[in-house]
Amino acid sequence: MFIGGAIMRKYIIQFLIVIENFSLFISGILAIIFYNCFNLNFYKSFYQKENLAPKIGTTYEELIKNTTNLLDYLNHKAILNLDWYTDKDILHMQDVRTLYSLSYKTMIFFIVVFTISTILLIILCKKRTIFYITNTFNKVLLAFIIVIGILSCIISYNFTSFWIKFHQLLFSNDLWLLSPDESNLIQMVPEEFFISLITTIILHIFILFISLFILNTVVKKRMKNN
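What counts as what
Residues numbered from 1 in each chain as written. Predicted model: local features only at pLDDT ≥ 70, side-chain atom pairs only at ≥ 80, totals over all residues. Heavy atoms only, no water. Helix = DSSP H or I, 4+ residues; strand = E, 2+ residues; numbered from the N terminus. Contact = heavy atoms within 4.5 Å. Areas by Shrake-Rupley, 256 points an atom, 1.4 Å probe, with all protein chains shown as cover. Lys, Arg positive; Asp, Glu negative; His and termini not counted. Charge placed at Lys NZ, Arg CZ, Asp CG, Glu CD. Axes fitted to C-alpha atoms, helices over the stretch in contact; angles between N-to-C directions. Left-handed = near helix turned anticlockwise from the far one by under 90°. Phe/Tyr/Trp six-rings, centres within 6.5 Å; stacked < 30°, edge-to-face > 60°. Buried < 20%, exposed > 50% of the residue type's maximum accessible area, 1.4 Å probe, protein only. Parallel < 35°, antiparallel > 145°, perpendicular 65-115°, else oblique. Nonpolar A, V, L, I, M, F, W, Y, C, P; charged D, E, K, R; others polar. Polar contact = N/O pair within 3.5 Å; in protein donor to acceptor, adjacent residues only side chain to side chain. Expected span 1.5 Å × (residues − 1). Arc of directions from axis to C-beta.

Q: What's the story with the overall build of the protein in this structure? I'm lost.
A: When its secondary structure is counted, the protein shows 9 helices and 0 strands. Secondary structure elements in the protein, listed N-terminal to C-terminal, are α-α-α-α-α-α-α-α-α. Along the longest, intermediate and shortest principal axes, the C-alpha atoms of the protein span 75 × 30 × 30 Å. For the protein, restricting intrachain contacts to residue pairs at least 6 apart in sequence, the fraction spanning at least 24 positions comes to 75%. When the accessible area of the protein is evaluated, it comes to approximately 14000 Å², of which 67% is carbon and sulfur surface. A distance of 29 Å separates the average location of the 19 positive side-chain charges in the protein from that of its 14 negative side-chain charges.

See below:
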């Protein structure tokens, strides 16, 4: 009975560690996505680099104003500028805002799961909590790195195909099929913008993962020396 209880306890600890690591990585990825998508400086940098304002028949100040309006709308802080965005733009952005809201709730959920699983591990493992976590951490992290690496290869091979599949998967309508001749939204954020945005997001994810890998390795080595 004692041996069976010890084995069960071991499996519970291992399960909690995997859940904790998984929650940390998912919430970290979503946090990076939110940071970059709502980073106004990123938009400014892209607009200046592409000299976008005169290309779409507006001023830089107006472009930033309408971009700020767009980000505020996604944050439930404003309504979209009806003089700038078309009806189809607005309908699509309603879908996008719903997706962002769901993603934000998902991030909060995994942060809560991470917190609870960490507390349970501390209760179960006490002083050996770090020892158990570090032994599994890099294995789960490696799985995430492989998945993100494969996704990066798919994106770099044919971004347009990936972007179409992405929209078909996440949206149940064709409102995302916007025409540059009619939509100011698609002129503000053309395909080149999303290539740059997703590249930046993936780069930041890899930086996070590599940093976590190095930190875990250092902690693990120090624990062995002690």
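Continuing now.
Q: When you look at the packing of helix H2 (residues 40–50) against helix H4 (residues 60–74) in this model, what are you seeing that I'm missing?
A: Describing two packed helices takes the angle between their axes plus the distance from one axis to the other. One way to put it is that H2 packs onto H4 with a least axis distance of 11 Å and a crossing angle of 145°. In the crossing of H2 with H4, the sense of the turn from one axis to the other is right-handed. Judged by residue contacts, Leu40, Tyr43, Lys44, Tyr47 and Gln48 of H2 engage Tyr60, Leu63, Ile64, Thr67, Thr68 and Leu71 from H4.

Q: In this structure, what is going on with the packing of aromatic side chains? I would like to understand it.
A: Two numbers describe a pair of aromatic rings. These are the distance of the centres and the angle of the planes. Within the structure shown, the criterion is met by 24 aromatic pairs. A centroid spacing of 6.0 Å and a plane angle of 85° characterise the contact between Phe34 and Tyr104, whose relative ring orientation is edge-to-face. Placement of Phe34 in helix H1 (residues 2–37) and of Tyr104 in helix H5 (residues 87–125) is noted, with a sequence separation of 70 residues between them. Taken together, a centroid distance of 6.0 Å and an interplanar angle of 55° make the contact between Phe159 and Phe162 tilted. Residue Phe159 and its partner Phe162 are both found in helix H7 (residues 159–170); the two are separated by 3 residues, about one turn of the helix. Phe162 carries the same exposure label as Phe159, and that label is buried. Each member of the aromatic cluster is reached from another via a ring pair, and the members are Phe42, Tyr43, Phe46, Tyr47, Phe159, Phe162, Trp163, Phe166, Phe193 and Phe194.

Q: Any chance you could explain the packing of H4 against H5 here in plain terms?
A: Relative to each other, H4 and H5 sit at 50°, their axes nearing to 9 Å. Classified by the angle their axes make, H4 and H5 are oblique. Each of Leu70, Tyr73 and Leu74 in H4 lies in contact with H5, whose residues at this interface are Ile90, Met93, Gln94, Val96, Arg97 and Tyr100. Within the contact of H4 with H5, the residues separate by chemical class into 7 nonpolar, 1 polar and 1 charged.

Q: Would you mind going over the side chain of Asn184 with me for this structure?
A: Structurally, Asn184 can be placed in helix H8 (residues 184–188). At a separation of 2.7 Å, a polar atom in the side chain of Asn184 contacts the main-chain carbonyl oxygen of Trp84. With residues near it in sequence (within four places) discarded, Asn184 still touches Trp84 and Asp89.

Q: Would you mind showing me how to read unusual backbone geometry here?
A: It is generally the case that most residues other than glycine have a negative phi and that most peptide bonds are trans. Although it is not a glycine, Asn51 sits at a positive phi angle of roughly 50°. Taking relative accessible area as the criterion, Asn51 reaches 47% and is therefore assigned partly exposed. One non-glycine residue with positive phi stands out, namely His76, at about 60°. Checked against the element boundaries, His76 lands in the loop between H4 and H5. His76 gets classed as exposed once you look at its relative accessible area, which sits at 52%.

Q: What should I look at first to understand H4 in this one?
A: In an α-helix, one full turn covers 3.6 residues, which means residues spaced three or four apart are oriented alike. Taking 1.5 Å of rise per residue, the 15 residues of H4 would be expected to cover 21 Å, and the 21 Å separating its terminal C-alpha atoms lies within 8% of that figure. Regarding H4, the residues found buried are Leu63, Ile64, Asn66, Thr67, Asn69, Leu70, Leu71, Tyr73 and Leu74. Positive backbone phi, approximately 60°, marks His76, located one or two places after H4.

Q: What am I meant to see in H2 here?
A: Of all the residues in H2, the buried ones are Phe42, Tyr43, Phe46 and Tyr47. An end-on view of H2 places all buried positions within 130° of arc, on one side of the element. Structural note: H2 exposes Asn41, Gln48 and Lys49 on the side pointing more than 90 degrees away from its buried face. Asn51 lies just past H2 and shows a positive phi near 50°.

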